[in-house]
Amino acid sequence: MPFKKILFLFLLFISIDASSQNYTVSNQRAIKKYKEASLLYDTGGKKDEIIKLIDEAIKTCPRFIEAWLMKGDLYRETGQSEEEILALEQSLSIDSLFFINTYYNLGKVCYKTGRYEKAANYLTLFGQHTNASHPLWTQYQNLQRHNTVALQIKKHPIPFNPVNLGPEINSADNEYFPKMTADEEILIFTVLVGQDLQKHQPGQEDFYYSKKKNNNWEKRQPLGSPPNTPGNEGAPSISPDGKTIYFAACDRSDSRGRCDIYYSSYQNGKWGEAVNLGPPVNTPAWESQPAISADGKTLYFVSNRDGGKGGMDIWQSQLIGYDPKGIPRFGNPVNMGDSINTPGNEIAPFIHPDGKTLYFSSDYWPGMGGLDLFISKLKDDHTWSTPLNAGFPINTCKDESGLYITPSGDKAYYASNRNGYGQLDLYSFDLPPAFRPNPVSYVKGLVCDHQTGKPLLATIEIVNLNNQESNQLKTEEDGKFLTTLPVHSTYACWTTSPGYLFNSKNIDISSVNKATHPFEFTITLDRIRPGEKVILNNLFFATDSFLISKNSDAELNKAANFIKTNSNIIIEIKGHTDNSGSAKHNLDLSEKRARAVWHYLIRSGVNEQQLRYKGYGDSLPIADNNTEEGKAKNRRTEMEIVSSK
């Protein structure tokens, strides 16, 4: 296939009849070599042979401008930027006005290689010798704007000290696209195994993982098959507990396009077969680089499908349910719009567990050149803020992408080709405060039978009591669960399992500003039988009042559904207080509170024959009334099974 000449050579030659061209030199031997090189160029000849002919022409006539320009063109196509700059500067030294586009081309290659001051000089000269009618005027203005931004960013560097993750993770192979579980105990990443450019071996992409032990990473291991196959798998995105994975795979038998997005889940100690998500997520176009939100409800991904803003765009799709096999199904994807996407390429999205901070790479938003890392935040009106460049030296004139930010928001992981064990290694660094998301904590636990200690298959539902947003997860046979919790909120956490009384917990991190204290606990469930009870920890009353607070609805609805589902049981609502005030006052208050709950449940459709209520005042404390913490525990409402049919 013939090499594609870029615009400056096209403009240089189209106005000149090759048979009657007046070259800048008259030496026929040099012109002959140049013509041979040009013909070989047009017919797709080998570039090293073309350059050899050009060099012979230049050696014969060192002031042969056309030959220097062609040489610069060839070096641009092969990515040899240093040689391109030398060739183009040499043409200017002979005649600075022979081909004005040379100033633009030098500005472009200098910007690309991080020579921003030099680029500014060349672009200024181009602007001085052209006007708005020039074919490159729009590109020139965009390039000048980008270069000006790069100069400003470089003048204000930010603290940056990347740390290589070490030989247990990195190797002579390429490692990239790191992801972690919410507790930062498991790292999953992509490895390009067996690539050898000299032998033209492309290598194979597989997933590897490592576990943290004593704050150090253990030797990496293949994730296993599935999801690994003899083909390529890349760009993983995992749930907070690491038990579901979304990834990209190409050219499979069930592919709808060149590359599609797949899903797999970890069950009973192994990964299930990867499933193509199908339409409308996957199309005959290119879909890749998925990013699943922490609650599993929004899928972000990259595609060049119709309806986009440019090359590669970032799209999002909402979860609409699960098929009978438990595979997630997503609705029609929506382009993220002008706030994120551009006529260029936006790739490698990562949505932080706060659900409001998006990191991605772009080669169009103003930056340092190539692909830069950007951050955008979801505003109160549900639009995204103008992307903010992550700064220098996080961003450079090279490509930066594949960023991962920990839930706490203070540490980042990414791939870089700085001096390491191979071309691309994984690094961590402290994220500057200006680029941090809202901090997110996590809850990690074990669900088991109260009497036997046996782990249980259970469902954990967590509801944000501030906005009623919910998230549901399930345990496996090990009874373990793990999920994230954005700070500055209060959560209700309910755990249910067939045949067991539900458990209610309240997690209050409304005043927490840092995710330094994750919640780890064991949840024990009692069998549904007389004498077992549950404290309604997400039932709230106004101070010294029996008026139920509005944010108690979710808890009471959960209780109502449990009682209606188990129509064979009789429940007593038991009200308790601390010892503040007189015993008579406390007994009266606890009775009224129990009665208020009784009324709520009946209004919710619970059979009155299944309900009783009674106030116990301060007679049955479960904690020390001499402390505020103890008093808070004693102010409680319980639901006890008193009999069953």
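Scroll up a little and you will see the structure.
The paragraphs below set out a description of the structure included in this document. Only a predicted model underlies this, so the values are computations on that prediction, with no experimental measurement involved.

1. A few points about the state of the cysteines
Two cysteines whose sulfur atoms are joined by a covalent bond form what is called a disulfide.
Logical step 1: In this structure the tally under the stated criterion is one disulfide.
Logical step 2: Across a sulfur-sulfur distance of 1.8 Å, Cys250 and Cys259 are joined as a disulfide pair. Between Cys250 and Cys259 the disulfide shows an S-S torsion of about 95°. By sign, it is right-handed.
Logical step 3: On the basis of relative accessible area, Cys259 is assigned to the buried category, the value being 3%.
Logical step 4: In this structure Cys448 is a free cysteine whose sulfur lies 14 Å from that of Cys493, the closest cysteine sulfur available.
Logical step 5: Relative accessible area serves as the criterion here: at 0%, Cys493 is assigned to the buried category.

2. A short note on the side chain of Thr190
Logical step 1: Take Thr190: it is sitting in strand β3 (residues 186-193).
Logical step 2: In this structure Thr190 comes out as buried when scored by relative accessible area, which is 0%.
Logical step 3: A polar contact is formed between the side chain of Thr190 and the backbone nitrogen of Ala235, at a distance of 3.4 Å.
Logical step 4: With residues up to four places along the chain from it excluded, the contact list for Thr190 reads Asn174, Glu175, Tyr176, Phe177, Glu205, Asp206, Phe207, Glu233, Gly234, Ala235 and Pro236.

3. Brief notes about the pattern of salt bridges
Logical step 1: Scanning the entire structure with this criterion turns up 27 salt bridges.
Logical step 2: Across the salt bridge formed by Lys47 and Glu77, the nearest N and O atoms sit 2.7 Å from each other. Of this pair, Lys47 sits in helix α3 (residues 47-60) while Glu77 sits in helix α4 (residues 65-77), and the two are 30 residues apart along the sequence.
Logical step 3: Note on Lys47: relative accessible area 16%, which makes it buried.
Logical step 4: Of the residues examined, Glu77 reaches a relative accessible area of 25% and is grouped as partly exposed.
Logical step 5: The partner of Glu572 in a salt bridge is Lys574, with the nearest N and O atoms 3.2 Å apart.
Logical step 6: Here the salt bridges share partners, and the residues they tie into one network are Asp73, Arg76 and Glu84.

4. Considerations on the pairing of strand β8 (residues 244-250)
Logical step 1: Across the seven residues of β8, five count as buried, placing the element largely inside the fold.
Logical step 2: Pairing between strand β7 (residues 233-238) and β8: four bridges, direction antiparallel. Following the sheet pairing, Ile238 is matched in β8 by Ile245.
Logical step 3: Hairpin connection from β7 to β8: five residues lie between these consecutive antiparallel strands, with Gly242 at a positive phi of about 75°.
Logical step 4: Summarising the sheet, β8 and strand β9 (residues 259-267) pair through seven bridges and their orientation is antiparallel. If you follow Thr244 over to β9, its bridge partner there is Ser265.

What counts and what doesn't
Residues numbered from 1 in each chain as written. Predicted model: local features only at pLDDT ≥ 70, side-chain atom pairs only at ≥ 80, totals over all residues. Heavy atoms only, no water. Disulfide = S-S within 2.5 Å. Buried < 20%, exposed > 50% of the residue type's maximum accessible area, 1.4 Å probe, protein only. Helix = DSSP H or I, 4+ residues; strand = E, 2+ residues; numbered from the N terminus. Polar contact = N/O pair within 3.5 Å; in protein donor to acceptor, adjacent residues only side chain to side chain. Contact = heavy atoms within 4.5 Å. Salt bridge = Lys/Arg side-chain N within 4 Å of Asp/Glu carboxyl O. Pairing = 2+ DSSP bridges.

Function cannot be read off these values alone, since they describe shape.
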